[in-house]
Amino acid sequence: MSTQHKRVALVTGANRGIGYEIARQLAKKGLRVIIGSRDAEKGAQSGMKLVDEGLDVRSIRVDVTDGASITAAVGWIEDEFGRLDILVNNAGIMIDSGCDILDLPLAQLRNTLETNSFGPLLLSQICVPVMRKNDYGRIVNIASILGSLSDIANPDSAHADMQSPAYRLSKSMVNGITALLARELQGENILVNSVCPGWVRTDLGGPQAPVAPEEAAKTPVWLATLDETGPSGGFFRGSQPLCW
Ligand SMILES: NC(=O)c1ccc[n+]([C@@H]2O[C@H](COP(=O)([O-])OP(=O)(O)OC[C@H]3O[C@@H](n4cnc5c(N)ncnc54)[C@H](OP(=O)(O)O)[C@@H]3O)[C@@H](O)[C@H]2O)c1
């Protein structure tokens, strides 16, 4: 693929953690990858590490709670590269560990939804028109089994003692966004899927988590590079479908 035909991927929250590893693996597949980072300096530093590995990576400031920063970033990508093919909505926060739903302050729920749910929706709304110009798009929403309503309703689930209601609700909503977007885009070559990366060793997941970011990135990368026969409107972990 020539430079101007090279596919371009934007990964939010890619300055560290799972997003950084998704960016690296997509770039290793020959894509041009844009690291979205709410702190421009951190994004530039992470981008330089991947450039030093010989990868085609750039960075741009994107705060997913700030519509103006999203519009500016997507505008820059279109001006600079003439296309945007892949969006990985990875940026996320968990700020209500240990809190139960009866005590959940609404401000905490609002803050969590702003980042984990409204951010992916707004990014999708802004990126889909750009994707449509090339009749190609892949959107991957990084959700979590903790947002699965089947899991929340199952008293025998391994996660039954897990609190974080704001985080869980935000990931349920992102799964709803995936399903609605996939339905809206049915018949177009723009595929939308959710993924649970597992319990991953990052700042969010903590040091005891069993899954390395390198392993966690594999399913998002698969979904970001599906061919046109690939699934849309699904929820996956390790390439296997999960219950909503
Ligand atoms: N780790 C797990 O076990 C696990 C399990 C299931 C799902 N997930 C999901 O996987 C995704 C990545 O998590 P992670 O474990 O890699 O977490 P992480 O290491 O804490 O990284 C989170 C990333 O999101 C960015 N971010 C947060 N708020 C943002 C905002 N408003 N705008 C732009 N970027 C923002 C952070 O940027 P800063 O560096 O500026 O803070 C950071 O780059 C999240 O959606 C998370 O919910 C993780």
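These notes cover the structure that comes with them. From a predicted model like this one, the values you see are computed outputs, not experimental measurements. (Residues numbered from 1 in each chain as written. Predicted model: local features only at pLDDT ≥ 70, side-chain atom pairs only at ≥ 80, totals over all residues.)

Time to look at the packing of helix H4 (residues 106-132) against helix H6 (residues 165-184). Remark: H4 packs on H6, axes separated minimally by 9 Å, with the N-to-C direction vectors making an angle of 20 degrees. The orientation of H4 relative to H6 falls into the category roughly parallel. Considering how the two elements wind past one another, H4 and H6 form a crossing that is right-handed. Contact residues: Gln-108, Leu-109, Thr-112, Leu-113, Asn-116, Ser-117, Pro-120, Leu-121 and Ser-124 in H4; Ala-166, Tyr-167, Leu-169, Ser-170, Lys-171, Met-173, Val-174, Ile-177 and Leu-181 in H6. A breakdown of the residues in the contact of H4 with H6 according to their chemical character gives 11 nonpolar, 6 polar and 1 charged. (Axes fitted to C-alpha atoms, helices over the stretch in contact; angles between N-to-C directions. Helix = DSSP H or I, 4+ residues; strand = E, 2+ residues; numbered from the N terminus. Parallel < 35°, antiparallel > 145°, perpendicular 65-115°, else oblique. Left-handed = near helix turned anticlockwise from the far one by under 90°. Contact = placed C-beta atoms within 7 Å. Nonpolar A, V, L, I, M, F, W, Y, C, P; charged D, E, K, R; others polar.)

Moving on, we get to the pairing of strand S6 (residues 190-195). Taking burial as the measure, the 6 residues of S6 include 6 buried ones, the bulk of the element. Neither face of S6 is open: one carries Ile-190, Val-192 and Ser-194, the other Leu-191, Asn-193 and Val-195, and all of them are buried. The pairing of strand S5 (residues 137-142) with S6 spans 6 bridges and is parallel. Residue pairing in the sheet places Ile-139 in a bridge with Val-192 of S6. Inspection of the sheet shows S6 paired to strand S7 (residues 234-237) by 3 bridges, in the parallel sense. By the bridge assignment, Ser-194 is partnered in S7 with Phe-235. (Buried ≥ 20, exposed ≤ 12 C-beta atoms within 10 Å, placed from the backbone. Pairing = 2+ DSSP bridges.)

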